[in-house]
Amino acid sequence: MNAVLDFIAALGRAALNLVRTAGALTLFGLTALSHLVRPPFYWRIFFGALIEIGFFSLPVVALTALFSGGVIALQSYTGFAQYHAQGAIAGIVVLAVTRELGPVMAGLMVAGRVGAAMAAEIGTMRVTDQIDALTTLSTNPMKYLVTPRLLAGTIALPCLVLVADMLGVMGGFIVSVVKLDFSAPAYIAATFAAVKTIDVTVGLAKAAVFGFLITLMGCYHGYTSRGGAQGVGSATTAAVVAASILLLASDYLLTDVFFSQ
Amino acid sequence: MIQSTPKIRIRGLCKAFGPKIVLDGIDLDVMPGTSMVIIGGSGSGKSVLLRCILGLIPADAGTIEIDGVNVLTLPPRRREEVIETIGMLFQNGALFDSLSVWENVAFGLLAAGRRHGRRPSRAEARATAGRMLEQVGLDPSVGALSPAELSGGMQKRVGLARAIAGQPDILFFDEPTTGLDPIMGAVIDGLIVDCVRKLGSTAIAITHDMASAQRIGDQAAMLYKGKLIWQGPAASLLNSGNPMVDQFTHGRREGPISMELRR
């Protein structure tokens, strides 16, 4: 009987923790967003974060997209060749990349790279009193540390995904033309015939949501970290894990909203 | 004429973290222009007291008056204005490692200028930071360095320069000599005394370094188990007549203060 009660109590504690964290996170996000319309806005921090997220993530996102596009072309060729449907490969590559792989792969790469770095940086500032120091120097830490990063993440990720889309399609093109002997003009024509504006724009909209979620997780876990180096390490791990899960969950929801008919 | 209204007046201040009571009805007056040193063992609530005054930690009960105004009941914007008049030297310096030394020193000036719509140019702010660095015995060329390139003593001095840059009415020092060798500790204490006198500020320093407490303080108080158990002139710290203070200041193992050690 006691074991059952303990189990129910543990479930209750976990549920309460979940609700508490969700509430705190929502409040954190809304407070940060409210600073967007309340001056001052820290443009230097914003541009710094934009370069960190958008520019320095380019190599990893570009390589990931390039190879992913190539892998899709190879894998779909293996399957489609059995049904003599190789002509559909260009369409498969472009739709997979623009609708899903571009935003998701770029998002996961940025979550690992930027979300972790943000949580570590802000977490270190928390445990070394730098955030308290900001308050004593007439500076709201949310306005200074969180709001510019959220905006930068929301803007930078769609730009990265646009590049990832192009490179992903290029990866598929290179593999199809060089390795699978497709005609280059025919492949390009099939690509443009298959893709619609909505495929790209919804992918970019997804990327904006992912960018917001990744930076929100990085900032939230860093800002609320406690207990020295170990606390910062835990915050970093939690930021990446939470961002990745939220990213995939929101990807499903957005796909369901935009593409399921 | 002696001013009778305390610059900082604390009454019945309480703070607990869960079941642990950290501050248990603190009453404290700090008169304008005086330096109050608060001593006490590790975990006795000294830092929490300063953080409650600064609003970094919300107090559970009591009042904290600065210039006769209870800051605990002020709306956020008004409270920010009060905090603007306070400079703080953190225990580990708390310098922003993403900024250069001069940007650290000028940070408060630029932030306050931004708030009041008369933000100094970066060149002006850098020049002011240079003067502040000179005031704490550092060469202005140090301003171009990153905080990570400085020694512990230099970081403390930069922290002090940052705290005094806005010419605050009130200065807080959180264990200013911790982690420094005795000579550098004395240098920092001397700089603190000079800065406080030059600005005419009211200061509260928390420390468990007795030499530092006597150098910095005009008045002293001891915090033990969340209560102020003694207040008096800093000069009488070593012969206060209070057995607890005597045990603490002389570092005696035996006495009325028992360390909670697990055996």
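Keep in mind it's a predicted model, so treat the numbers as computed, not measured.

A. Broad picture of the overall build of chain A. Scanning chain A for helices and strands turns up 9 helices and 0 strands. Summarising its shape, the C-alpha atoms of chain A cover approximately 65 × 60 × 35 Å along the three principal directions. Burial status across chain A gives 45% buried among its 261 residues. Considering only contacts in chain A between residues 6 or more positions apart, those separated by 24 or more positions represent 84%. Split by element, the accessible area of chain A, about 12500 Å² in all, is 74% carbon and sulfur. Here chain A holds 13 positive side-chain charges and 11 negative ones, and the gap between their average locations is 7 Å.

B. Local environment of the overall build of chain B. Secondary structure assignment for chain B yields 8 helices and 10 strands. In terms of overall size, chain B behaves like a compact globule, its C-alpha atoms giving a radius of gyration of 19 Å where 263 residues would be expected to give roughly 18 Å. If you line up chain B on its principal axes, its C-alpha atoms span 55 × 45 × 45 Å. A total of 263 residues make up chain B; the buried ones form 51% of that total. Within chain B, contacts between residues at least 6 apart in sequence are counted, and of these 65% link residues at least 24 apart.

C. Focus on the sheet that holds strand β9 (residues 219-224) of chain B. All names here are of chain B. Pairing is mixed across the open sheet formed by 6 strands, whose spatial order is β6-β7-β8-β3-β9-β10. Either end of the sheet is taken by a strand with one partner, and the two such strands are β6 (86-89) and β10 (227-233). Averaged over all neighbouring strand pairs, the angle between strand axes comes to 15°, with direction disregarded. Across 5 bridges, the pairing between strand β3 (residues 35-39) and strand β8 (residues 202-207) is parallel. Counted as the bridge partner of M36 is I204 from β8. Its contacts with the sheet place helix α6 (residues 182-199) against β3, β6, β7 (170-174) and β8, and it is angled at close to 165° to β7.

D. Structural context of the interface of chain A and chain B. The interface is formed by 16 residues belonging to chain A together with 23 residues belonging to chain B. Across the chain A to chain B interface the summed buried area is about 1700 Å²; carbon plus sulfur atoms make up 59%. If you look at where chain A meets chain B, you find 3 salt bridges. Here A:D129 makes a salt bridge to B:R51, at a shortest N to O gap of 3.3 Å. Remark: the boundary between chain A and chain B carries 5 residue pairs in polar contact (both at pLDDT 80 or more). Element by element, the count of residues in the side of chain A that touches chain B is highest for helix α5 (residues 130-136) of chain A, at 6 residues. Of the residues in the side of chain A that touches chain B, the class split is 7 nonpolar, 6 polar and 3 charged.

E. The side chain of B:Q247, seen in detail. Residues and elements named next belong to chain B. Within the secondary structure layout, Q247 lies in helix α8 (residues 243-250). A distance of 2.7 Å separates the side chain of Q247 from the backbone nitrogen of I257, its partner in a polar contact. Once residues within four sequence positions are removed from consideration, Q247 is found in contact with R252, R253, E254, G255, P256 and I257.

F. Main features of helix α1 (residues 46-54) of chain B. Residue and element names in this part refer to chain B. Burial analysis of α1 places 8 of its 9 residues in the buried class, the great majority of the element. All of the buried residues in α1 are K46, V48, L49, L50, R51, C52, I53 and L54. Taken from the residues just after α1, G55 is the one with a positive phi, measuring 85°.

G. Layout of the layout of surface pockets. In this structure, the largest pocket occupies an estimated 1500 Å³ of space. If you go around the largest pocket, you meet 49 residues; those closest to its centre are A:T135, A:P141, A:Y223, B:G55 and B:L56. Listing elements by their share of the lining of the largest pocket, those giving two or more residues are α1 (2-34), α4 (89-127), α5 and α6 (141-179) of chain A together with α1, α2 (76-83) and α3 (101-116) of chain B. Ranked by residue count, the leading element in the lining of the largest pocket is α2(B), at 5 residues. Here the residues of the lining of the largest pocket are counted per class, giving 23 nonpolar, 13 polar and 13 charged.

H. Spotlight on the UniProt feature "transmembrane region" (unreviewed entry) in chain A. All names here are of chain A. Under the present numbering, the feature "transmembrane region" (unreviewed entry) in UniProt falls on residues 14-33, 45-74, 80-98, 150-178, 198-220 and 232-254. Annotated as residues 150-178, this span is 100% helix and 0% strand, and its ends, taken at the C-alpha atoms, are 41 Å apart. When the span residues 232-254 is considered, its composition is 100% helix and 0% strand, and the gap between its end C-alpha atoms is 32 Å.

Criteria and thresholds
- Residues numbered from 1 in each chain as written.
- Chains lettered and ligands numbered in written order.
- Predicted model: local features only at pLDDT ≥ 70, side-chain atom pairs only at ≥ 80, totals over all residues.
- Heavy atoms only, no water.
- Helix = DSSP H or I, 4+ residues; strand = E, 2+ residues; numbered from the N terminus.
- Buried < 20%, exposed > 50% of the residue type's maximum accessible area, 1.4 Å probe, protein only.
- Contact = heavy atoms within 4.5 Å.
- Areas by Shrake-Rupley, 256 points an atom, 1.4 Å probe, with all protein chains shown as cover.
- Lys, Arg positive; Asp, Glu negative; His and termini not counted.
- Charge placed at Lys NZ, Arg CZ, Asp CG, Glu CD.
- Rg over C-alpha atoms; globule rule 2.2 N^0.38 Å.
- Pairing = 2+ DSSP bridges.
- Axes fitted to C-alpha atoms, helices over the stretch in contact; angles between N-to-C directions.
- Buried area = accessible area lost by both parts, 1.4 Å probe.
- Salt bridge = Lys/Arg side-chain N within 4 Å of Asp/Glu carboxyl O.
- Polar contact = N/O pair within 3.5 Å; in protein donor to acceptor, adjacent residues only side chain to side chain.
- Nonpolar A, V, L, I, M, F, W, Y, C, P; charged D, E, K, R; others polar.
- 1 Å grid on protein atoms, 1.4 Å probe; cavity = no way out; pocket = protein on both sides within 12 Å on 5 of 7 lines; lining within 4 Å.
- Points joined across faces, edges and corners; volume = space filled by probe spheres on them.
- UniProt positions renumbered as here; feature names shortened; annotations may be inferred.

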